[in-house]
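Secondary and tertiary structure notes
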Amino acid sequence: MPELRKDPVTGRWVIISTERARRPDQLRNQPFRHPGGFCPFCPGNEAKTPPEVLAYRKGNAEKVANGSGWSLRVVPNKFPALGIEGTLDRHGDGLYDHMNGVGAHEVIVDSPEHEASFATMSEKQIEDVIWAFRDRITDLKRDKRFRYILLFKNHGDAAGATHGHPHCQLIALPIVPTSVRGELDGSKQYWGLKERCIYCDIVRQEQADDVRIVSESQDFLTVAPYAPRFPFETWIIPKQHQSSFEDSASHTYESLARALKSLIARAEIVLDRPAYNLLIHTSPINMGPREESVSDYYHWHVEFMPAMTRAAGFEWGTGFYINPIPPEEAAKYLREAVISC
């Protein structure tokens, strides 16, 4: 019989449709494909992107900005969702609110290798990507116009990627997104009732249940959430409480790189190199003087979502999601995948 499950943080309901349950190879997979043609992110094409805002170059490379020898580059998006210049100019038009589309939109080019991925890159290369995330958040949060910084990866055209070259994106927003606000509100409510962080309690609950864990290290728990929206949705949660990704202890970035590589490698084996979305939810920035700190009750984390299903009329009409794979089964498939990393 199908089962309704409620996300303990946001209160969002999902349907675990056990009658539709299938093996991973029976799902409609949306595999990653490398588009052909010219790639502006490949070495030698640095002049085809906007000037870099950050780059890591090899020790013996000539460290010339926008030159060769880089292992990672961060450049403004050539077609940004939001523009860096201008003022917000918040105002209302009757019951409608309006502001200028001010923000930052950057591309983190993970590697000079066009066909690399988090599954094939070394842990050190992935750690460099994570450090670039931290460096860019630290820089952009100085801009008081911004209230939230989202880091994400769209891998494969089915997941919204427009380039095959491995890259992530960063968008700084003048508002806190609704999805994050839902997590903040749920976490705050739980803290008010129990004076504990709900994500810390999720870690303890999953360790006790031991049925949805994919992998575990000293610093992170990789787990299929209790009420996943999508087949094989997986979270990576720090075991040490921290509300802001960029304020985490530096040694955890090495551990996070290991957890990310392990998860993506497992997913590539089980799901045959799927397209996917990967994102980091962290605390808002530049909280106003009337706003309380979220450091006690919010907990940053990573969310991984393979592009296995699509929202349709029921999902749009209800806000519910139908997931044909129970998270306990998804975790078992991923946990038992034999990886070499």
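Refer to the structure presented above.
This section reports on the structure supplied with the text. (Residues numbered from 1 in each chain as written. Predicted model: local features only at pLDDT ≥ 70, side-chain atom pairs only at ≥ 80, totals over all residues. Heavy atoms only, no water.)

1. Describing the overall build of the protein
Using the following cut-off: Strands are runs of DSSP state E lasting at least 2 residues, helices are runs of H or I lasting at least 4, and numbering of each runs from the N terminus. Note on method: radius of gyration uses C-alpha positions; expected globular size equals 2.2 Å times residues raised to 0.38. Residue burial is assigned from relative accessible area. The probe radius is 1.4 Å, only protein chains are included, and a residue is buried under 20% of its type maximum, exposed over 50%, and partly exposed in between. Whether two residues are in contact is decided by their heavy atoms, any of which lying within 4.5 Å being enough. Here the Shrake-Rupley method, with its probe set to 1.4 Å, supplies the accessible areas, and only the displayed protein chains count as covering residues. Charge assignment: positive for Lys and Arg, negative for Asp and Glu; neither His nor the chain ends contribute. One atom stands in for each charge, and that atom is NZ of Lys, CZ of Arg, CG of Asp or CD of Glu.
Each helix and strand in the protein was counted, giving six helices and 15 strands. Since a compact globule built from 341 residues should have a radius of gyration of about 20 Å, the 20 Å found for the protein is in line with a globular shape. The C-alpha extent of the protein, read off along each of the three principal axes, is 60 × 50 × 40 Å. When burial is assessed residue by residue, the protein has 51% of its 341 residues classed as buried. Taking the contacts inside the protein whose residues are at least 6 apart along the sequence as the reference set, 70% of them involve residues at least 24 apart. Total accessible area computed for the protein in this model is approximately 16400 Å², and 51% of it derives from carbon and sulfur atoms. The distance from the centre of the 40 positive side-chain charges to the centre of the 45 negative ones in the protein is 1 Å.

2. Examining the packing of aromatic side chains
In plain terms, the rule: Any two of the Phe, Tyr and Trp rings considered here, Trp counted by its six-membered ring, make a pair once their centres fall within 6.5 Å; the pair's planes then place it as stacked at under 30 degrees, edge-to-face at over 60, or tilted in between.
Applying the stated criterion to the full structure yields 11 aromatic pairs. Where W131 meets Y253, the ring centres are 4.8 Å apart and the plane angle is 85 degrees; that geometry is what we call edge-to-face. With a gap of 122 residues between them, W131 in helix α1 (residues 123-140) and Y253 in helix α4 (residues 251-271) connect regions that are remote in the sequence. Assessed through its relative accessible area of 24%, W131 is described here as partly exposed.

3. Concerning the nonpolar core
Using the following cut-off: Here the nonpolar core consists of buried residues drawn from Ala, Val, Leu, Ile, Met, Phe, Trp, Tyr and Cys, with membership extended through side-chain atoms lying within 4.5 Å.
Counting residues in each nonpolar core, the largest one holds 55 residues, and the members touching the most others are I108, F118, F245, L256 and L260. In terms of residue count, the dominant contributor to this core is α4 (11 residues). In this structure, I108 is in contact with L72, R73, V74, V129, A132, F133, P166, H167, C168, Q169 and L170, ignoring residues within four places of it in sequence. Counting 20 residues, the second largest nonpolar core, distinct from the first, contains V176, Y190, Y199 and V294.

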